[in-house]
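Chain by chain, the residues run as shown.
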Amino acid sequence: MDLDFHEKFKSVILEIEMAGRDYAEKKAISWQAQELKYAILSEEMKKLPKDLAFNLKDSLARASEGYRQYLKETAQAIKEENIAKAIYEKHRANFEALRCLSSLEKTTTQIIN
């Protein structure tokens, strides 16, 4: 078996780098969206009459269209983060499989020779 492991390793390492950068970017977006939760709630509460009790304002803010939209966008960001992580992990698994195959090929060559 004549496999060009050098080129395959270069290719897989490049894929890991690109997937890692994509995952990092999507994770940052997801984290930022999640951190905005209380800011969004606060903004929604500011729109309500000042004389309402805090608990009622909180409940109404959580039921608001703006907060529901925030939740939908945050869920999408988390989904994209998880997909990017899965792709990154797939490339890492490909690297490990290639590493094992390379080691097996090297051992087989040594035994035959």
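Okay, so let's go over this structure. (Residues numbered from 1 in each chain as written. Predicted model: local features only at pLDDT ≥ 70, side-chain atom pairs only at ≥ 80, totals over all residues. Heavy atoms only, no water.)

Two aromatic rings, taken as a pair, are described by how far apart their centres are and by the angle between their planes. Evaluated as defined, the whole model comprises 4 aromatic pairs. Ring geometry for Phe5 against Phe9: centres 6.5 Å apart, planes inclined by 40°, an arrangement best described as tilted. Placement of both Phe5 and Phe9 in helix H1 (residues 5–35) is noted, with a separation of 4 residues, approximately one turn of the helix. Accessibility assignment for this pair places Phe5 and Phe9 in one class, buried. Between Phe9 and Phe95 the ring centres are 5.5 Å apart and the planes differ by 65°, which places this aromatic pair in the edge-to-face class. Placement of the pair is Phe9 in helix H1 and Phe95 in helix H4 (residues 65–112), with a sequence separation of 86 residues. Phe9 sits in the buried class, given a relative accessible area of 19%. A relative accessible area of 22% places Phe95 in the partly exposed class. By way of ring pairs, the aromatic residues Phe5, Phe9 and Phe95 are connected into one cluster. (Phe/Tyr/Trp six-rings, centres within 6.5 Å; stacked < 30°, edge-to-face > 60°. Helix = DSSP H or I, 4+ residues; strand = E, 2+ residues; numbered from the N terminus. Buried < 20%, exposed > 50% of the residue type's maximum accessible area, 1.4 Å probe, protein only.)

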